[in-house]
Amino acid sequence: MRVLLVEDDEPIAESLTRGLGRYGFDVEWVRTGAGALEAGPTDLVLVDLGLPDMDGLDVCLELRARSDVPIIVISARADETDRVVGLEIGADDYVSKPFGVREVIARMRAVLRRVRPAAVQSEAKLSSRVVIDRPGRRVHVDGAEISLTPKEYDLLAFLAEAPEAVFTREQIMEAVWDANWFGPTKTLDVHVSALRQKLGDAVSVETVRGVGFRLVLT
Ligand code: CA
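In what follows, the accompanying structure is described. (Residues numbered from 1 in each chain as written. Predicted model: local features only at pLDDT ≥ 70, side-chain atom pairs only at ≥ 80, totals over all residues. Heavy atoms only, no water.)

1. A word on the packing of aromatic side chains
Stated precisely, the cut-off is as follows: Pairing of aromatic rings covers Phe, Tyr and the six-membered ring of Trp, with a centre-to-centre limit of 6.5 Å; geometry is then stacked below 30 degrees between planes, edge-to-face above 60, and tilted otherwise. Note on classification: 1.4 Å probe, protein chains only; a residue is buried when its accessible area is under 20% of the maximum for its type, exposed when over 50%, partly exposed between these limits.
Using the criterion set out here, one finds 1 aromatic pair in the structure. Ring centres of F158 and F167 lie 4.6 Å apart, and the angle between their planes is 50°; on these two criteria the pair is classed as tilted. Under the relative-accessibility criterion, F158 is labelled buried at 3%. You can call F167 buried: its relative accessible area is 0%.

What follows is the structure, encoded as structure tokens:
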């Protein structure tokens, strides 16, 4: 999935590019509004409002006049008016700085789900043997549905967002258990071992010692 990132702030752009890359997004980064308008076709646009050459809202307007590509405004401006104007001129969502990569990805997924359900549904097939039906929260292995608890499903769905990528225990706890977790993470190990048992050899959840876990397709 291609993402055009329009952002003049280098540290923010670099961390977003790296973060989104880890989740399998292919990011093209431009620093100016002019660069955004010259860029090739993309699946989604993230645009900062404070750009050196033009107002990000004008970039939105111009892009929207040309295509129905999903647009998410990212901005440090606290002004509620910008948010409203951004949405009125055709942006699909708005994220305020500072934000975390996971928050941006959640917004991107929500927007994509809204504007092109087919694109998101196509992500359902994890491998030739495993299919994750995200809207229905169901998992099929070799054609048969396996029974997962809600948290087991959430854990698998989270790891499956980026097969082969390593997620730390803290990232997983925060995403799946929705908590800043500083305590023991034994509950995570319990769920991982249940998943391993239920998935058999179709997918493996590998332990990365001292770090966390990753999903490996087999
Ligand atoms: Ca800026």
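Now that the structure has been shown, the text picks up again.
2. What about the pattern of salt bridges?
This is how the line gets drawn: Salt bridges are defined by distance alone: a side-chain nitrogen of Lys or Arg within 4 Å of a carboxyl oxygen of Asp or Glu. Helix and strand definitions follow DSSP, with helices as H or I runs of at least four residues and strands as E runs of at least two, each counted in order from the N terminus.
For the structure shown, the criterion picks out 17 salt bridges. Between R109 and E161 there is a salt bridge, with the nearest N and O atoms lying 4.0 Å from each other. Here R109 is found in helix α5 (residues 101–115), whereas its partner E161 is found in the loop between α7 (150–159) and β9 (167–168), with 52 residues between them in sequence. For the pair shown, R109 and E161 are each scored as buried. In this structure, the salt-bridge partner of R138 is D133, at a minimum N-O distance of 3.7 Å.

3. Considering the coordination of the calcium ion
Let me state the cut-off plainly: Metal donors: N, O and S atoms at distances within 2.8 Å, or within 3.2 Å for Na, K and Ca, with water omitted from the atom set so that some sites may seem incomplete.
Listed as protein donors to the calcium ion are D8 (OD), D48 (OD) and G50 (O); their distances from the metal cover 2.1 to 2.3 Å. Written as a sequence motif, the donor residues of the calcium ion are D-x39-D-x1-G. Among the residues examined, G50 registers a relative accessible area of 36% and is labelled partly exposed.

This is a description of form; function is not addressed.
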